[in-house]
Amino acid sequence: MVRSKKRKISDPDKNVNSNKVKIPKCSANWKVLESQIIEEKKVKEAAEKEEEKIKKRKIDNVSSEKQFKRRDNKLKPSRNINNNSNGIIKKKKTIAEDIWFDGVDASEIMDLENGEDVKVIAANPAVQNKLVKKDGYSGITRIVAMDCEMVGVGDDGRDSVLARVSLVNQFGKCIYDKHVKAREDVTDYRTFVSGIRPADLVNAEDFEVVQKEVAEIIEGRILVGHALWNDFQVLFLNHPKKCIRDTAKYKPFRNLTAGRSPGLRILCKKILGVDVQKGEHSSVQDAQAAMRLYTMHKKHWEAQAYVKLNKKVKKKQPNN
């Protein structure tokens, strides 16, 4: 009788480790590179979306302008206009006139949206010569000017957050200029006005750092700017009223626009004879323009500020 050989049944649990494929661990350098690739991809996608927005806005507004002109030639009112009770034709408010652009003229937005090329305008030497004193001191002076650029956050991009802040001294020399990391997800870079692109904010400074540095620079100094209340709002800072010189509030400047708050572009054209804010804005140039407007009228402006301050002091003093 032949005995059958017994098969040795191997325990599957014992061979589990031997069948495993060892996966090499990723090095720290590879992980950094991978995160950089992902970040670059996000920035590229955001930039493409922003460029697409600009193109679409430009095309839509050019076509709407042509449509309005055709109807106007036929003496037919377009959908955007209606007659009031006095028979005067009034144009309805467009999106551009709903100012979320923080101190930017509606007329400037309309010019840009109605087909004007959207691009960075190189610094014009003639403009720079009128805004900056060539041989002037380049350090911090007793009087400084500030301007900020904002980007849009929220579902419709109408809420503003700080994206760039620039300061210049009394001679127009730039003493501070930094991009700022947005504290929320940016939904509209407003590139055609702000000049801010996704790549500008990738390696930008933290908000808290910029806020502290700006506060230290302006403390105890006269601060010049245009529509500074918008800048204070996004910086979460304030400044003594007696030390603020705002070109949007100065009465002689407001008289040029029938008492309304004048745009910086209009003031520069009428008073300085220079064109600024053509295309994308520069916070450095806007601060320089505000400072030049101030220095041209400094003597009269400061005399008015002195009288105003003395009146307030007298009112506070108790009657003997």
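Asker: When you look at the overall build of the chain in this model, what are you seeing that I'm missing?
Answerer: Scanning the chain for helices and strands turns up eleven helices and eight strands. Each of the 320 residues in the chain was classed as buried or not, and the buried ones make up 35%. In the chain, once contacts between residues fewer than 6 apart in sequence are set aside, the share between residues at least 24 apart is 65%. Accessible surface computed for the chain: about 21,300 Å², of which carbon and sulfur atoms make up 51%.

Asker: I tried to follow the environment of Tyr 189 on my own but got confused; where do I start?
Answerer: Mapped onto the elements, Tyr 189 comes out in the loop between β6 (186–188) and α5 (191–194). Between the C-alpha atoms of Tyr 189 and Gly 152, which are 37 residues apart in sequence, the distance is 6.0 Å. When sequence neighbours within four positions are dropped, the list of residues in contact with Tyr 189 reads Ala 46, Glu 50, Met 150, Val 151, Ser 194, Ile 196, Arg 197, Pro 198 and Leu 201.

Asker: In this structure, what is going on with the confidence of the model for the chain? I would like to understand it.
Answerer: For the chain, per-residue confidence averages 77 on the pLDDT scale, and residues scoring 70 or more make up 68% of the total. Below pLDDT 50 for its whole length, residues 67–102 participates in 43 contacts with residues either more than four positions away or in separate chains. Below a pLDDT of 50 lies the segment residues 106–122, which in the model reaches 43 contacts outside its immediate sequence neighbourhood of four places, other chains included.

Asker: Before we go on, may I ask you to explain a negative patch on the surface in this structure?
Answerer: The grouping of Asp 155, Asp 156, Asp 159, Glu 184 and Asp 185 at the surface amounts to a negative patch. Within the secondary structure, Asp 155 sits in the loop between β3 (143–153) and β4 (159–168). On the basis of relative accessible area, Asp 155 is assigned to the exposed category, the value being 86%.

Scoring rules and cut-offs
Residues numbered from 1 in each chain as written. Predicted model: local features only at pLDDT ≥ 70, side-chain atom pairs only at ≥ 80, totals over all residues. Heavy atoms only, no water. Helix = DSSP H or I, 4+ residues; strand = E, 2+ residues; numbered from the N terminus. Buried < 20%, exposed > 50% of the residue type's maximum accessible area, 1.4 Å probe, protein only. Contact = heavy atoms within 4.5 Å. Areas by Shrake-Rupley, 256 points an atom, 1.4 Å probe, with all protein chains shown as cover. pLDDT = per-residue confidence, 0-100. Patch = residues over 30% accessible without salt bridge, like charges linked within 9 Å, V, L, I, M, F, W, Y side chains within 5 Å. Salt bridge = Lys/Arg side-chain N within 4 Å of Asp/Glu carboxyl O. Lys, Arg positive; Asp, Glu negative; His and termini not counted. Charge placed at Lys NZ, Arg CZ, Asp CG, Glu CD.

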